[in-house]
Structures are given as structure tokens and as C-alpha cells.
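# A look at the structure
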Amino acid sequence: MSNVETGLDYAAGQQNYRGLLIKGSGLVPKAAVVLLPDWRGQSPLARDHAAYLVELGCVVAIADLYGDGFSPDSPDQVGPMVQRLIAHRAQGVEGLAACIDRVRKELPDGTPVLILGYSAGGMVALDYGRSGQDIAGIIVCSALLKTAAEGMKSRITAPVLILQGTQDQVSPMETIAAVVKEMDEAGNDVRFELYSQTHHAFDNPEAGTDPNARLVYSPASAQRARRAIANFVAEVSCF
């Protein structure tokens, strides 16, 4: 059965966004997942992650990280775009909130909605949870982890799953420990799954397997993360 892809337009403030809605043909979704991709946006990898979730019975919206449907096609574009997300974290939350509101209009009433964020998308996903919004669950995988920004609350009411590599140079163990401390002190329902000998972008086959590189693909960790994601989605959605 083929999947159906349609554009998903939404706006927050003066910024327009263009996401992508992917669903199984003729299927009533058990849950919806708003997927915040890594720096490349609506890439083949993001679509592959989405296809896996559709197989689980979910409808998936790939959110627009940067606005205007922009998906970088060169690593040279990454730094400025990600730094903009870091510098304006509240804007990321506003954009994600608008995406979720838009997705809910496409769903039967009562459909659970989760967030899944990769790399910089993981930062936005956790910040959305900190904003106190209503969501069924939050997953971050190989995320650009950040503790709460100044003035941002640390309480997250939804259950959270965090999947990280112990060799991640983008979010090293010191950062992971700081996030663990924040989550514990806030009384959040968070589970951490750490993969040894695993670097940033472990879910991305295009990252290569050079253990000395900053981004490194790990097939074993990628498969373990997918199983953890499937189990979490089923648990919080009561499949």
C-alpha cells in the first residue's frame, strides 16, 4: 500500500511554514507524529523515518524547521540556520505549536499526537514540552540537547524518551548529565537510553562509519532506537 504525501501549510507570527503530511492510503491513524528532522529538513532520511512510523499505524507530519519550506542542500548552510534556531528558541516553539495545531485539523478527534525530534529538531521538541503545551509524548533522538533557556520553565507534563550516543560530540555526556539533572529536579517523566560507541547522527547512513568523525552512522544503534521509538509510541498511544 503506497503512502500519500500532501503539503502542510501553516504560519506563526509573520513566518510562513510548509511541512509535509504523510499517511497510509485509506488507513485510520492510531496516532500522529510530528517529526522535526535534522538540519536537512524534508530529506530522504526524514521520509524514511516517516515511512517507518506510517508502518506502525501513524500519520506523520514532517515539520518545517526554518520556514518557507527551506531544506538545506549543502553542509555550508547548516551553521547559520542552526545558530538561528539556537538564538531564537521561542520561535522554534511557536512554529512547532502552529504545526501541531494544523495537524490536529487533519485528524479524527482524540487522536494522540507525539513529537519526534532529531538533532536540532530535538532541541525544539524539548523546548515545546517545556512550554507546557498539551502533547501525548516527546521523543528526541541524537538530539542537539540543551537545558532550559533563561526564563524557560523546566517542567514537562508529557512522558519523554531521549535516545543519545555516549560519544556524541554535539551533545557530550556533560550536556546529557545536565539535562538529566534538570529533568530530575523538575519531576519530569523521562527515560534516557544511551548507546555506547555511538556518535551524533547515528541514525543517518550518509554520515559514514569513520569512528574519528564528528558524525558517524551506527546501524546497531539506529535499529535499537527505532525499536525504542516503536515501543514508546505504542505505550503512550495505548495501541
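What comes next concerns the included structure. In this text the structure is predicted, and so the values were computed from the model without any measurement. (Residues numbered from 1 in each chain as written. Predicted model: local features only at pLDDT ≥ 70, side-chain atom pairs only at ≥ 80, totals over all residues. Heavy atoms only, no water.)

This part is about the packing of aromatic side chains. Aromatic ring pairs: the centre-centre distance and the angle between the two ring planes describe each pair. Under the criterion given, the structure shown has three aromatic pairs. When the ring centre of Trp39 is taken as reference, the NZ or CZ atom of Arg40 above it lies at 5.8 Å. (Phe/Tyr/Trp six-rings, centres within 6.5 Å; stacked < 30°, edge-to-face > 60°. Lys NZ or Arg CZ within 6 Å of the ring centre and 35° of its normal.)

The next subject is helix α3 (residues 89-104). Compared with the 22 Å implied by 1.5 Å per residue over 16 residues, the 23 Å span of α3 between its first and last C-alpha is a close match. Inspection of α3 places Arg89, Gly92, Val93, Gly95, Leu96, Ala97, Ala98, Cys99, Ile100 and Val103 among the buried residues, and these make up the whole buried set. (Helix = DSSP H or I, 4+ residues; strand = E, 2+ residues; numbered from the N terminus. Expected span 1.5 Å × (residues − 1). Buried < 20%, exposed > 50% of the residue type's maximum accessible area, 1.4 Å probe, protein only.)

Here α3 crosses helix α4 (residues 120-130) at 80 degrees, and the two axes come no closer than 9 Å. It follows from the interaxial angle that α3 and α4 lie roughly perpendicular. Between α3, through Arg89, Gly92, Val93, Leu96, Ala97 and Ile100, and α4, the contact on the second element is made entirely by Met123, Val124, Ala125, Asp127, Tyr128 and Arg130. Residue classes in the contact of α3 with α4 are distributed as eight nonpolar, one polar and three charged. (Axes fitted to C-alpha atoms, helices over the stretch in contact; angles between N-to-C directions. Parallel < 35°, antiparallel > 145°, perpendicular 65-115°, else oblique. Contact = heavy atoms within 4.5 Å. Nonpolar A, V, L, I, M, F, W, Y, C, P; charged D, E, K, R; others polar.)

Spatially, eight strands are ordered β1-β2-β4-β3-β5-β6-β7-β8 in an open sheet, and the strand pairing comes out mixed. Each of the sheet's edge strands pairs with one partner strand only, and the pair in question is β1 (3-12) and β8 (190-195). Sheet twist, expressed as the average angle between the axes of neighbouring strands with direction ignored, equals 20 degrees. Relative to β8, strand β7 (residues 160-165) runs parallel, the two being bridged by six bridges. (Pairing = 2+ DSSP bridges.)

This brings us to the pattern of salt bridges. When charged atoms on two side chains of opposite charge get close, those side chains can pair. This structure, assessed with the given rule, holds eleven salt bridges. Between Arg18 and Asp9 there is a salt bridge, and its shortest N-O distance comes to 2.6 Å. Given a relative accessible area of 42%, Arg18 falls into the partly exposed group. One salt bridge in this structure joins Lys181 and Glu185, with 2.6 Å as the shortest N-O distance. Of the two residues, Lys181 and Glu185 are both situated in helix α5 (residues 173-186); the distance of four residues between them amounts to about one turn of the helix. (Salt bridge = Lys/Arg side-chain N within 4 Å of Asp/Glu carboxyl O.)

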